[in-house]
Amino acid sequence: MADLCITAHADLGLLSFVIGDKPGLEVMDNRANFWFPIEQSYESPKGSLLVGRQLERLSNARYCAGGHRVRSYPNSASKPQTSSDSRSGWRHSIVFVMRAHLSVPINTDELTTDITGSFSKPLKGITARDFFDEIHSAHFNINTGVEEREEQRRRLAEQEKYLTTGK
């Protein structure tokens, strides 16, 4: 079984809590341009909390939505592969996602604190639902099939090109 890797991405919502049965979650250290395995090794399931794009915007980038990916190491030291379990090389996880998606108005003036500072891109007159839809429509969906995800990427690239060049 080959070493598999899920496409790198940042989550769209506020927070994601990921519980995995073996190591595999990696985050991008943008300063060093390096993938860091945050789940070095362990014998039982562990959880990781990830910041999403909504929280990044609502905290004025105080908390950044980091790029991450999940790898499946076929010969993980935490669970040796046996001939009776052909799937033991796979990493299984459960993901709990928190998203602001109700029709609740957002006003970043009310979120401004000494920690966030003044918002460089204030949000006013938009609901949490519209805000999430705006973020969702600007990114591909990691939870779809590969072909559909590639089609979403292609459409987003075409939109970006049109907005940049008008062609």
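Cut-offs applied
- Residues numbered from 1 in each chain as written.
- Predicted model: local features only at pLDDT ≥ 70, side-chain atom pairs only at ≥ 80, totals over all residues.
- Heavy atoms only, no water.
- Helix = DSSP H or I, 4+ residues; strand = E, 2+ residues; numbered from the N terminus.
- Buried < 20%, exposed > 50% of the residue type's maximum accessible area, 1.4 Å probe, protein only.
- Areas by Shrake-Rupley, 256 points an atom, 1.4 Å probe, with all protein chains shown as cover.
- Pairing = 2+ DSSP bridges.
- Axes fitted to C-alpha atoms, helices over the stretch in contact; angles between N-to-C directions.
- Expected span 1.5 Å × (residues − 1).
- Contact = heavy atoms within 4.5 Å.
- Core = buried A, V, L, I, M, F, W, Y, C linked by side-chain atoms within 4.5 Å.
- Salt bridge = Lys/Arg side-chain N within 4 Å of Asp/Glu carboxyl O.
- Polar contact = N/O pair within 3.5 Å; in protein donor to acceptor, adjacent residues only side chain to side chain.
- pLDDT = per-residue confidence, 0-100.

If you tally the helices and strands in the protein, you get three helices and nine strands. Along the protein, from the amino end to the carboxyl end, the secondary structure elements read β-β-β-β-β-α-β-β-β-β-α-α. Evaluated residue by residue, the protein yields a buried proportion of 31% over its 167 residues. By element, 55% of the accessible surface of the protein is carried by carbon and sulfur atoms, the whole surface being about 11000 Å².

Taken in spatial order, the three strands line up as β5-β2-β7 in an open sheet, and their pairing is antiparallel. A strand with exactly one partner marks an edge of an open sheet, and here the two such strands are β5 (46-51) and β7 (93-98). Ignoring strand direction, the axes of neighbouring strands in this sheet form an average angle of 15 degrees. Pairing of strand β2 (residues 15-20) with β5, which is carried by six bridges, proceeds in the antiparallel orientation. Within the sheet, the bridge partner assigned to Phe 17 lies in β5 and is Leu 49.

An ideal rise of 1.5 Å per residue puts 28 Å on 20 residues; helix α3 (residues 146-165) measures up with 28 Å between its terminal C-alpha atoms. One or two positions beyond α3, positive phi appears at Gly 166, with a value near 80 degrees.

Relative to the elements of secondary structure, Thr 7 occurs in the loop between β1 (4-5) and β2. For the pair formed by Thr 7 and Val 146, sequence separation is 139 residues and the distance between their alpha carbons is 9.5 Å. Ignoring sequence-local partners within four residues, the contact set of Thr 7 consists of His 68, Phe 140, Ile 142, Arg 149 and Arg 153.

Take the nonpolar core next. Core analysis: the biggest nonpolar cluster contains 11 residues, these being Leu 12, Leu 14, Leu 58, Ala 100, Ile 106, Leu 123, Ile 126, Ala 128, Phe 131, Phe 132 and Ile 135. For Ala 128, the residues in contact, after removing those within four places along its chain, are Gln 54, Ala 100, His 101, Leu 102, Val 104 and Ile 106.

Another aspect to go through is the pattern of salt bridges. Counted according to the given criterion, the structure contains eight salt bridges. Notably, a salt bridge pairs Arg 31 with Asp 29, separated by 3.7 Å at the nearest N-O pair. In this structure Arg 31 comes out as exposed when scored by relative accessible area, which is 81%. Residue classification places Asp 29 among the partly exposed residues on the basis of a relative accessible area of 25%.

Relative to the helices and strands, Glu 26 is located in strand β3 (residues 25-29). For Glu 26, a relative accessible area of 6% translates into the label buried. A distance of 2.7 Å separates a polar atom in the side chain of Glu 26 from a polar atom in the side chain of Arg 69.

Mapped onto the elements, Pro 105 comes out in strand β8 (residues 105-106). Look at Pro 105 and you get exposed, because its relative accessible area is 70%. Spatially, the C-alpha atom of Pro 105 lies 7.8 Å from that of Lys 124, the residues being 19 residues apart in sequence. Excluding residues within four positions of it along the chain, Pro 105 makes contact with Ile 126 and Thr 127.

Right, let's talk about the confidence of the model for the protein for a bit. On average, the protein scores 82 in pLDDT, and the residues at 70 or more come to 85%. Note that pLDDT drops below 50 for residues 76-86; the model gives that stretch 18 contacts with residues more than four away or on any other chain.

Although it is not a glycine, Asn 33 adopts a positive phi angle of roughly 50 degrees. Checked against the element boundaries, Asn 33 lands in the loop between β3 and β4 (34-37).

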